[in-house]
Amino acid sequence: MYLNTHTYYSLRYGAISPKNLVEQAIHLGVYALALTDINSTSANLEFVQLAKKQGVKPILGVDFRNGAQQQFILLAQNNDGYYTINSYLSQLLHANKFIVPKRVKNIPNTFVIYPFQEEVFQLNENEFIGVKPSDLNYLKFSKWQLQLNKLVILKTVSFQDKKGFNTHRLLRAIDNNTLLSKLSVSEQGKETDIMISEKELKKIYSEYPEIIATTKKIVDSCSIHFDFSKDAPKNQTSYTNNEDLDFKLLRKLAYGGLNYRYQKIGKRVFERLEKELEIIKQKQFVSYFLINWKILKYARSKQYYYVGRGSGANSIVAYLLRITDVDPIELDLYFERFINLYRTNPPDFDLDFSWRDRDDIMNYIFKTFKNTSLIAVYNTFKYRASVRELGKVFGLPKEEIDKLTTQNFNPNQLDNLSKLVLIYSKYIKGFPNYLGIHPGGILISEKPIHYYTATYLPPKGFSTAMFDMVVAEDIGLYKFDILSQRGLGKIREAVDIIKYNHPTHPDIDIHDIKRFKEDVKIKVMLKNAKAIGCFYVESPAMRMLLKKLQVDNYLGLVAASSVIRPGVSKSGMMREYIKRYRNPERRKDAHPILLEIMPETFGVMVYQEDVIKVAHYFGGLSLGEADMLRRGMSGKFRSKEEFLKVKNQFFENCKEKGHSLELTSEIWRQIESFAGYAFAKGHSASYAVESYQSLFLKAYYPLEYMVATLNNFGGFYQPEYYVHEARMNGAIIHPPNINKAYYQNYIEGKNIYLGFIMLHSFELKNAKKIVDERAKNGLFLDLDDFINRVAISLEQLAILIKVNAFQFTKRNKRELLWEAHMKVHKVVLEEHVVTLFKSEKVAYKTPKLTSSTLEDAFDELQYIGFTLDSPFKLLKEPLNQQLFASDLPNCIGKIVTVYGYYVTAKRTITSKGEMMYFGTFVDTQGNHIDTVHFPPSVKKYPLKGRGVYKLIGKVMEEFDCINIEIEQLEKLAIIQDVRYAEPPKIEKV
């Protein structure tokens, strides 16, 4: 009898979850329910699944509204009707402005319900008028009395109880950006919009049995069905429109890739290939492989760099189709981690592209495949956002809101409003706030997307489904991951930069990974952790791990890429792995079964596959159960009951095998602590391939690679540090120069000219003007020539002068600034029009002024963010330098004093909940100093941002890694900003 119910997916309106809505219906004896969220179908599939499990008949529809004003409700008579509703809603959502008309055109297989109104108009056969309980008094005197067969019960449900109504009002106030006290009645529902029993509902309408009968007739006429069995994927089933042809093509492509990938093709390769092809066919994943192949074939035709990673790297078919660059035979990758006969969802390919190329790839996918859309994510109310929004709604002052968001308050001293904010922030925590876009998930469906859901159009213009990946997977729709990555942008641009800076050098084959693996220079770089700027291996933690492991080969780097992950380190096995890696004798401590299962990693679980192996061979679980265990621990498996069943089976099997409870518990602890965080081995191998590509470029073309790094927004560190790294490799750094600079950074020989992109507050349009004018009419001769040719405001021109962009004129920048003030109005100039005669500018005699390198440094700090010279030169007191980073190996166990410029710090929480840091500094010679700041030191001597620090502490060494355990630190004072010192006296001219 309920034809108009809302969940909290009626964003900032409904205040009840789909689960609670169904449970409340059961509790009140309601066994048929129409979910009609406002302008949304996000909850529909979840609702159908929940309702059918609980024995409630689900009906689907949409409540079409302009703001809070209901225009009409559309109910689906069947799946075809649901498709047309989704198509209609999507049409409105894709329009430039979302406006719902008062009447809807004929939409087949649907029922239309308009809200009650006095005006009588002609209704089509499928159209009805909804009568709310509050409308019954008006009905007695209405002309609709003559058409009772066209009236239905319209009891709206938007929340559960009084608290739900209060929550609803708060959500409406947030949506309207208004104080709760000023919220208009027209912008909110009624307090009575709650569910009551069907018996009570019929009693309210007892005077009108015709209305009850018509409502029941509509309920009985509606039915909806979706297949949640996952027996077969709902993705595009065929690539060629013929599944037999698909398989023949897949086989042909796989065998065609053998000669490209292997010099010698042995029996092991053929057996693995045939085994995979058979399983891929049996599991109906053929089209999934072919679609990925098609996408990447296009990428190669456009010379886009990409990395195929994820569990897909465990497949030789993926390797032969060039979906991945990881050889599963070489790495002995566990195919069952990728696909096994128990696995219902397709393999997982994460395809990474440069951020510059990704949008074109997305465009190609949408043009090539018929039923395509992005996947949404639900951005939910988190604690801080909830408190901030509710604080504004209640009218709290900003200072009070800030206290609540940072939890910097005494609960006993809060007033009632603040307490209400905290109470309701907990209540709405987890409510969907607005729809976002999954970072890379794309659906390519066999059926039209609107069969399942409506779509909306975010700013980038790609049609996006209104549900997330979890709901999609529930019906067997599995996403393709098309992701963007800065690392690939760096690699691609570095190759391009090398071409123009070294035109005589041979072209680089960046995919020649076999050559890179044997390269001596790269081995030395890895072993000594000289990898700043290189993908995945540049962070301080990774640098230390590489040093500790003395990694100089591909397999070692693959392992390191997973060992660094939080799970392995938290389980305590990272330290054990390092010990066994360095000391072969210690490997004997491993349990014989574990050592036999994982000889390559000395009996230590390092990869996700190791969970499956240990669960299967040590714990006696089937491969399907073992994979279920892995998925459960990684948060991808949602049935706690089944997960606990598998856990109990693991312990029972271990007992039967004769393993002690102590040993079994320890192995389980290791599995549990890292399974959700560790990488699949193929994933680590994919990362290692990209690391090798960047290491090669850094080894042979460090300056070009640093320029590419800066142009692709850096990496782990701030831009300043990459400029420092370039200087350490012999670069001469120049500020942006109007005759050399481009928008991005540019290299010429060993000279790096920072781009206009590096300037704070400098407008992109002005950078474009400068570059375009220079390309068209040649270099600028002087300031006058520049002012003549480029229309630019005085404020923007002053930035260029202050950062020495006119250095080539060999004139003092203070003189240039004086001259600029005299010649340019303080407004944006019109574009200059070329005339027959060039008018002479009035010549002003400027005073003789001077500026210093210190003034340059402060201008650079303001407009670039860091100085182009050594930051140590800005210290108020010169350093009495005694020790450098290179001296520390000779000071193990001693208390030392060193001086370092702050680079970065990683904050972490100890087991006692206290804050500690791992710091990175550079000394005056430019070398690293690594520091450890334990909680007592953090409390007494906190880091205070960028600057030079005096560091006092004990030099420690572990596995060849040296750091200083900080006992004291002091941030050193710098000189006064010389630009604001007393100005020199200027004589009148």
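Residues numbered from 1 in each chain as written. Predicted model: local features only at pLDDT ≥ 70, side-chain atom pairs only at ≥ 80, totals over all residues. Heavy atoms only, no water.

**Q** Please clarify how the overall build of the protein chain should be interpreted in this entry.
**A** The secondary structure content of the protein chain amounts to 39 helices and 23 strands. Since a compact globule built from 989 residues should have a radius of gyration of about 30 Å, the 34 Å found for the protein chain is in line with a globular shape. On the principal axes, the C-alpha backbone points of the protein chain span a range of 95 × 85 × 65 Å. The 989 residues of the protein chain split such that 55% are buried. If you take every contact in the protein chain between residues at least 6 apart in sequence, the share linking residues at least 24 apart comes to 69%. With the model as given, the accessible surface of the protein chain reaches about 45,500 Å², and the carbon-plus-sulfur share is 51%. In the protein chain, 135 side chains carry a positive charge and 111 a negative one; their mean positions are 1 Å apart. (Helix = DSSP H or I, 4+ residues; strand = E, 2+ residues; numbered from the N terminus. Rg over C-alpha atoms; globule rule 2.2 N^0.38 Å. Buried < 20%, exposed > 50% of the residue type's maximum accessible area, 1.4 Å probe, protein only. Contact = heavy atoms within 4.5 Å. Areas by Shrake-Rupley, 256 points an atom, 1.4 Å probe, with all protein chains shown as cover. Lys, Arg positive; Asp, Glu negative; His and termini not counted. Charge placed at Lys NZ, Arg CZ, Asp CG, Glu CD.)

**Q** I tried to follow the sheet that holds strand E5 (residues 110–115) on my own but got confused; where do I start?
**A** Strand order in the open sheet formed by 8 strands is E7-E6-E5-E4-E3-E2-E1-E8, with mixed pairing between adjacent strands. Single-partner strands in this sheet number two, and they are strand E7 (151–153) and strand E8 (156–157). One ladder, built from 4 bridges, connects E5 with strand E6 (residues 127–131); its direction is parallel. What sits directly across from Ile113, in E6, is Phe128. Against the sheet, helix H7 (residues 209–221) makes contact with strand E1 (2–5), strand E2 (32–35), strand E3 (57–66), strand E4 (69–76), E5, E6 and E7, and its axis sits at roughly 75° relative to E7, the strand it touches most. (Pairing = 2+ DSSP bridges. Axes fitted to C-alpha atoms, helices over the stretch in contact; angles between N-to-C directions.)

**Q** What am I meant to see in the packing of aromatic side chains here?
**A** In this description, a pair of aromatic rings is defined by centroid distance and the angle of the planes. For the coordinates displayed, the defined rule picks out 50 aromatic pairs. On the basis of an interplanar angle of 55° and a centroid distance of 4.8 Å, the ring pair of Tyr8 and Phe431 is categorised as tilted. Residue Tyr8 is located in the loop between E1 and helix H1 (18–27), and its partner Phe431 is located in the loop between helix H17 (416–428) and strand E12 (432–444); the two are separated by 423 residues in the primary sequence. Here the two residues Tyr8 and Phe431 agree in accessibility, since each one is buried. Aromatic side chains Tyr288 and Phe480 sit 4.6 Å apart centroid to centroid with 25° between the ring planes, which places their arrangement in the stacked category. (Phe/Tyr/Trp six-rings, centres within 6.5 Å; stacked < 30°, edge-to-face > 60°.)

**Q** Even after reading the chapter, I still don't get unusual backbone geometry, so can you show me in this structure?
**A** A negative phi holds for most residues other than glycine; trans holds for most peptide bonds. Not every positive phi belongs to a glycine, and Arg12 is a case in point at roughly 55°. Residue placement: Arg12 occurs in the loop between E1 and H1. The backbone of Phe602 sits at a positive phi, close to 60°, despite the residue not being glycine. Mapping Phe602 onto the fold places it in the loop between helix H26 (592–597) and helix H27 (608–618). Judged by its relative accessible area of 10%, Phe602 falls in the buried class.

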